[in-house]
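Understanding the architecture of this molecule
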Amino acid sequence: MTQMVGMRHLWILLVFSMLFSCDLWVSKEKKTRDLVNREMRAMDWNDVDAYPLFETCDEGAPKTEQRECFEQELLSQFSKTLKRFEFVFDSDVNPTVTVDFLVDQTGKIEVLAIERDVRIANQMPEFDGLVRRSLKNMPPLAPALKRGIPVNAKFRLPILLNKN
């Protein structure tokens, strides 16, 4: 008889543990989805794991060096294009132009916005076209990476123009 009571308690305990065990009733798909959602929320979406890189940049370099190489190559390309033109500004014009651009998942680069002193726009109306043209002549560019996946990345680059 005590054995039967003990067995009954064991069954009751087993049934209660099955009823209160949440994991038994949750599908693997839901568990996977929850895990992915937690990872996505934990990810810093304002930073990339690897910056867009030109062939001359070292993909094994630290991120800061990758960014420097990327920016230097862009500035070099802008410089090559703009050197062909002679611009003359008034002495009180701020010669810094800020270019916002996007490098997409395929490595294609496009200008999003160009911020400059209104007087530069008046003195050099062709400037925006020159910046856009210089980006079209860029050497091949590998896209930015986030967890090994190519992603879009926006950048802002200040360009200092010579006043003479």
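The following refers to the structure shown.

Criteria and cut-off values
Residues numbered from 1 in each chain as written. Predicted model: local features only at pLDDT ≥ 70, side-chain atom pairs only at ≥ 80, totals over all residues. Heavy atoms only, no water. Helix = DSSP H or I, 4+ residues; strand = E, 2+ residues; numbered from the N terminus. Expected span 1.5 Å × (residues − 1). Buried < 20%, exposed > 50% of the residue type's maximum accessible area, 1.4 Å probe, protein only. Contact = heavy atoms within 4.5 Å. Phe/Tyr/Trp six-rings, centres within 6.5 Å; stacked < 30°, edge-to-face > 60°. Pairing = 2+ DSSP bridges. Axes fitted to C-alpha atoms, helices over the stretch in contact; angles between N-to-C directions.

For helix 3 (residues 63–83), spanning 21 residues, the distance from its first C-alpha to its last is 30 Å, which sits close to the expected 30 Å at 1.5 Å a residue. When we look at burial in helix 3, the residues that qualify are Gln66, Cys69, Phe70, Leu74, Gln77, Phe78, Thr81 and Leu82. Buried-residue contacts for helix 3 involve strand 1 (53–54), strand 2 (96–103), strand 3 (109–115), helix 5 (127–136), strand 4 (141–142) and strand 7 (153–160).

The next point concerns the packing of aromatic side chains. Per the stated rule, a full pass over the model turns up 5 aromatic pairs. Summarising the aromatic geometry, the rings of Phe54 and Phe70 are spaced 5.9 Å apart at their centres and angled 20 degrees between planes, so their arrangement reads as stacked. Within this pair, whereas Phe54 is found in strand 1, its partner Phe70 is found in helix 3, the two being separated by 16 residues in sequence. Each member of the pair Phe54 and Phe70 is classed as buried. The structure contains a cluster of three or more aromatic residues connected by ring pairs, namely Tyr51, Phe54, Phe70, Phe101 and Phe155.

The strand order 3-2-7 describes an open sheet built from 3 strands, whose pairing is antiparallel. Looking along the sheet, the strands with just one partner apiece sit at the ends: strand 3 and strand 7. Ignoring strand direction, the axes of neighbouring strands in this sheet form an average angle of 25 degrees. With 6 bridges connecting them, strand 2 and strand 3 associate as antiparallel partners.

The values are spatial; any link to function lies outside them.
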